[in-house]
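Tertiary structure, described
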Amino acid sequence: SHIQSLVLHLYELYTFNEDPMDKHLDLLLRTISVRIVCGTNFASCVKEFGGGWHTAWHIPLTFIQDFTNNSSLKRRWLSNTFAPVVYTDVVDKPDRWIICNHKVFGYYRVDYDDINWDLIQNQLQTNHTQIHVMNRAQLIDDALTLAGKYSRVSLNQTYKRALDLTTYLKKELDWLPWETAYRNFEKLQNLLSGTEAGALLNNIIEENHWHIPLTFTQSFSNNSTLKRRWLGNSSEPAVYTDVIEKPNSWIICNHKVFGYYRVDYDEMNWDLIQHQLENNHQKIHVMNRAQIIDDALNLASASLLVNTYKQALDLTSYSKKEFDWLPCETAWKNFERMQNLLSGTEAGELLNSHIQRLALHLYELYTFNENPKDKHLDLRLRKNAVRIACGTNFAPCVEEAKKVFVSWTNTLEWKGHQSLKNEIICSTLRNEEDRQDWFAHFLYFQGLLGNDLLGLTCTKDIFQLRCTGGYHTAILLIQELSRFYNQERDLIQ
C-alpha cells in the first residue's frame, strides 16, 4: 500500500498511453510506474494489464558435454511459462558429464542430479582445464550457494558435496575460481561454525595454498630488470640465497607492485632504501616509492617494524622532494588516519609539523592559483597540498583561504577556486573562534550538497556542531572523521 501510494502520481501521468514524443527517461518512468502499480494490484492497472508480478521472458539455456570442446555447444530456450520444460535430445552420452550455462552466458544458477555432480567432480580432480575457467567458477558458486537452499538430503551432507567439489582447487592456478571460492568461504565460515561441514571447510582452507610470484630489483640495476622467484604452497619459510648479488646495496621486493602483498625488510635494508630516497628517489620506480611508504606505515601500525613509527616516518622525509602524485597521495592517506588517531595530543602536533614540512614544496608550487592548463593530477596535487597546508595551520594558507571565503560571502558568488571549495570552507570554519560567527557561516552554507558538506564539519569545538540541532548529517560526519582507536594511538605515541 505504501509503495502504491508513492507511485500513483506517475502512473496517472503516464498510464499505458505511449507518446511518440517520449524521451528515454519517460519510457523508463512509464515502465517502472506500470510495473509497480500493477504489481501491487491497483484495480485499474490490473484491469488494463492483468496485474501481479507475472512478467516472464525467454531464457537461453546452453549445454556442453565432456567429449566436446569449449567452443561447441547446444542451445535451447526456456519459454515464458512456469511449467517444467523437458528436453530429451540434449544429452548425447548419458555416462558423461554435462554443464549448463556455458561460459556463464545466462544469469541463473544450475543444479544437477547426483550422478552429474559426481561426474563433474571427477573431471575437476582429473583434469580441471577440460572445463572452461568461467564454468569452474560458476560450478563453485552454484554448488556453495545452492547448498542448504533446497537440499534433498541433510544440510551437512549438502555442504559436504559442495565442499568436496572445491577440493580440486589445490591444482587451480586461475584467479577467477579462487576468488569465487573464497568469497563463498568467508560467508560459510560464519554460517557453519561448530558443524561438521564447518570443520571440513576449515581443513580445505588450511590445506590449499597457491604460488605467489616474488619479484626483486637491486640498486645497481635499472627499473626494467628484475629477478623472479616463486613462493610455493608450503607454510614453511622459503630461503633464496641467490637473490642478493651485492650485500651492501638495497633490494626492493614486489617490483612495480606486481603482487598483492606487503613487504618488510631488515633494518639495514630499510636504511639503504631511505638513503636512496633522500639522495635520488627517482632511482626507485614511482610505484615502488608509493608501495614502500604504504608498507612501512601499515607495518608500523601492526608493530612489525623494528623502530615502528619512527622508522616509517623517517622514511617519508624524502617526500619534500616528491612531485609525483602516487607516492604523495599514498603518504597523505596514511597521514590523515594518523592525524585522526592523534588529534589533540602532543604527538599529534609533532606529526602535523612533520606533514607540513613534507607538503610545503607542493603548496608553494601550486598555491591557490588555478591554471586552465592544469591536468587532472595537478588538480589533485593542488587540492591535497592546500588541504594539508591549511589543515596543519600553515599561516599563509589559512589567511588565503579566509580571504577567498570572505570574498564568497560578500559577493554571494562562487568565483574561482571551484576545486578547492571544500578545503577553503573547512579551513575558515576550523579557525573561526567566535561561535556566533561560526553558526552564521554554517547556516549560510547549509544548502550545499555533496562533498562540500564536509567543510561544514570542520571545527575545533564539537559543541558548535551540537548547537546546530537537527543537522544530523554534519554530526555523523564529524563523528566518522574523529574516530579514536586507543590501541594504535598509544602505539604511535
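Residues numbered from 1 in each chain as written. Predicted model: local features only at pLDDT ≥ 70, side-chain atom pairs only at ≥ 80, totals over all residues. Heavy atoms only, no water.

Counting residues in hydrophobic clusters, the biggest one holds 58 residues, and the most contacted among them are I273, F335 and F368. Membership of the second largest hydrophobic core comes to 30 residues, among which are L61, L163, W178 and L188. (Core = buried A, V, L, I, M, F, W, Y, C linked by side-chain atoms within 4.5 Å. Buried < 20%, exposed > 50% of the residue type's maximum accessible area, 1.4 Å probe, protein only.)

Looking at the protein, the pLDDT average stands at 77 and 76% of residues meet or exceed 70. Of all secondary-structure elements in the protein, the lowest mean pLDDT belongs to helix 20 (residues 472-481), at 45, while helix 9 (residues 267-280) reaches the highest, 93. Here residues 51-55 is modelled with pLDDT under 50, and outside its nearest four sequence neighbours on either side it reaches 12 contacts, counting other chains as well. Low pLDDT, under 50, characterises residues 469-493; the predicted model gives this stretch 44 contacts beyond four residues in sequence or across chains. (pLDDT = per-residue confidence, 0-100. Helix = DSSP H or I, 4+ residues; strand = E, 2+ residues; numbered from the N terminus. Contact = heavy atoms within 4.5 Å.)

Attention now goes to a nonpolar patch on the surface. A contiguous nonpolar patch, built from V104, M134, W175 and L176 and spanning about 370 Å² of accessible area, is present on the exposed surface. Of note, L176 is situated in helix 7 (residues 175-191). Residue class for L176 comes out partly exposed when judged on its relative accessible area of 30%. (Patch = residues over 30% accessible without salt bridge, like charges linked within 9 Å, V, L, I, M, F, W, Y side chains within 5 Å. Areas by Shrake-Rupley, 256 points an atom, 1.4 Å probe, with all protein chains shown as cover. Salt bridge = Lys/Arg side-chain N within 4 Å of Asp/Glu carboxyl O.)

Glancing now at the side chain of H128. Summarising the element assignment, H128 is placed in the loop between helix 4 (114-127) and helix 5 (133-146). With relative accessibility at 12%, the residue H128 sits in the buried group. The residues contacting H128, other than those within four sequence positions of it, are Q123, R136, Y168, K171 and E172.

This part is about helix 4. The terminal C-alpha atoms of helix 4 lie 20 Å apart, and with 14 residues this matches the ideal 20 Å at 1.5 Å per residue to within 8%. Among the residues of helix 4, those classed as buried are N116, W117, I120, Q121, Q123 and L124. Along helix 4, the residues classed as buried sweep out an arc of 160 degrees about the axis, all on the same side. Turned more than 90 degrees from where helix 4 packs its buried face, I115, N122 and T126 sit exposed. (Expected span 1.5 Å × (residues − 1). Arc of directions from axis to C-beta.)

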